[in-house]
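# Architecture at a glance
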Amino acid sequence: MALPFSSASLKWIYFVSKRFSKVDRKGRTAVTSTLASLGVGFGVMALLVVISVMNGFQMEFIDAIMEISSCHVRVENVRDEDTFLSWCNQKQTGPYAVKTVLPFYEAQGLMVGSFGRDSAALVRAVSEDIYETDAGFCNQARIISGSFDLSEDDFIVLGCDLARALGARVGSEVSIFALSGSSDVSLFSKDRKFTVTGIFYSNYADINSSYSFISLKSGKKNFGSSASLIYGVKLKDSQDRKSVV
């Protein structure tokens, strides 16, 4: 059990510090003591600065993963979608408020770009208006070339490092040569061709090097009839995710 904090509990720390600061202030080792104290002070200051900077980087990674990739809660195998979405709409206010609900499909693939250059990729099918309806996704997946346009079935948006690996730019054509999916779609195909409409950048390198986005309609067509629709639920307070489940 934690003891209540008060200024009186710090009196002993002040007393000990004061006693140590008065030790040998005029003797031969006074300079040594002073330098040692300064060294400890600067060392602690440097440690605090490093911890603060690393925490900042860590939070950037976590925000990118949560807003683009993971979400706070994932819901699969929803039997009654209308009931589920109605429940989410009722949770717009309160301590466990739902901020956004994002339906998507996803599959692993091998993507081929210009001059036969290829790279493994995660292909995620999302709603066409995700860039307008989800502010968190928009802030973390920042478009650096083109636009986040998924209005056509053959449009695709790539991560910046994935686009570089494929030698692709806005307007280029890429092909998903191999794609994991259900039994009613081909594992290998040269007909899954897409036009790059946008290239995005996030604060997490793994997302930049592997993620690509297509429309829900295109995902349903390419992933097969048995592809599982996943709902990503984002909460206003991520610490309350256990209470929502």
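The rules behind the values
- Residues numbered from 1 in each chain as written.
- Predicted model: local features only at pLDDT ≥ 70, side-chain atom pairs only at ≥ 80, totals over all residues.
- Heavy atoms only, no water.
- Phe/Tyr/Trp six-rings, centres within 6.5 Å; stacked < 30°, edge-to-face > 60°.
- Helix = DSSP H or I, 4+ residues; strand = E, 2+ residues; numbered from the N terminus.
- Buried < 20%, exposed > 50% of the residue type's maximum accessible area, 1.4 Å probe, protein only.
- Lys NZ or Arg CZ within 6 Å of the ring centre and 35° of its normal.
- Salt bridge = Lys/Arg side-chain N within 4 Å of Asp/Glu carboxyl O.
- Pairing = 2+ DSSP bridges.
- pLDDT = per-residue confidence, 0-100.
- Core = buried A, V, L, I, M, F, W, Y, C linked by side-chain atoms within 4.5 Å.
- Contact = heavy atoms within 4.5 Å.
- Arc of directions from axis to C-beta.

## Details of the packing of aromatic side chains
According to the stated counting rule, one finds 9 aromatic pairs in the structure shown. Measuring from centroid to centroid gives 5.9 Å for phenylalanine 148 and phenylalanine 213, while their planes differ by 50°, and the two rings are tilted. Highlighted residues: phenylalanine 148 in the loop between strand S4 (142-146) and strand S5 (155-159) and phenylalanine 213 in strand S8 (residues 211-215), separated in sequence by 65 residues. Phenylalanine 213 shares its class with phenylalanine 148; the two are buried. Seen from their ring centres, tyrosine 211 and phenylalanine 213 are 6.2 Å apart, and the 45° between their planes marks the pair as tilted. Summarising the burial analysis for this pair, tyrosine 211 and phenylalanine 213 share the class buried. Cluster of aromatic residues (ring-pair linked, three or more members): Tyr131, Phe137, Phe148, Phe200, Tyr211 and Phe213. Taking NZ or CZ as reference, arginine 124 lies 4.1 Å from the ring centre of phenylalanine 104, over its face.

## Focus: the pattern of salt bridges
Per the counting criterion, the structure on display carries 7 salt bridges. In this structure, the salt-bridge partner of arginine 74 is glutamate 106, at a minimum N-O distance of 3.2 Å. With arginine 74 in strand S1 (residues 73-75) and glutamate 106 in strand S2 (residues 98-112), this residue pair connects regions lying 32 residues apart in the sequence. Arginine 74 gets classed as partly exposed once you look at its relative accessible area, which sits at 35%. A relative accessible area of 27% places glutamate 106 in the partly exposed class. As a salt-bridge pair, aspartate 134 and lysine 234 come within 2.5 Å of each other at their nearest N and O atoms. Here lysine 234 lies in strand S9 (residues 230-235) and aspartate 134 lies in the loop between helix H4 (130-133) and helix H5 (135-140), a separation of 100 residues in the sequence.

## Here's the deal with the pairing of strand S6 (residues 173-179)
The element S6 is extensively covered by neighbouring structure, given that 5 of its 7 residues are classed as buried. Where S2 lies against S6, 4 bridges are found, and the strand directions are antiparallel. Across the sheet, residue glycine 109 finds its bridge partner in S6, namely leucine 179. In terms of strand pairing, S6 meets strand S7 (residues 193-201) through 3 bridges, oriented antiparallel. Each bridged residue has a counterpart across the sheet, and for valine 174 the counterpart in S7 is phenylalanine 194.

## A word on the confidence of the model for the chain
The predicted coordinates should not be examined in detail at positions where pLDDT is low. Per-residue pLDDT for the chain averages 82, and the proportion of residues at 70 or more is 80%. Across the chain, the secondary-structure element scoring lowest on mean pLDDT is helix H9 (residues 241-244), at 52, and the one scoring highest is S5, at 96.

## Here's the deal with the nonpolar core
Of all hydrophobic cores here, the largest spans 30 residues; its most connected members are Met111, Ile156, Leu158, Val174 and Phe223. Of all the elements in the fold, those that place two or more residues in this core are helix H3 (81-90), S2, strand S3 (118-126), S5, helix H6 (160-166), S6, S7 and S9. Those residues in contact with leucine 158 that sit more than four places away from it in its chain are Met111, Ala163, Leu166, Ala168, Val174, Val196, Gly198, Ile199, Phe200, Tyr211 and Ser212. One finds Val126, Tyr131, Phe200 and Ile207 within the second-largest nonpolar core, a separate group that totals 17 residues.

## Some points on helix H8 (residues 216-223)
Within H8 the residues assigned to the buried category are Ser218, Gly219, Asn222 and Phe223. The buried residues of H8 occupy one face: seen down the axis, they fall within an arc of 110°. Along H8, the residues that are exposed and aim more than 90 degrees away from the buried face are Lys217 and Lys221. Downstream of H8 by a residue or two, glycine 224 has a phi angle that is positive, lying close to 100°.

## A look at the environment of lysine 190
Here lysine 190 is to be found in the loop between S6 and S7. Remark: the alpha-carbon pair of lysine 190 and alanine 178, spanning 12 residues in sequence, is separated by 8.6 Å. Setting aside its immediate chain neighbours within four residues, lysine 190 contacts Ser175 and Phe177.

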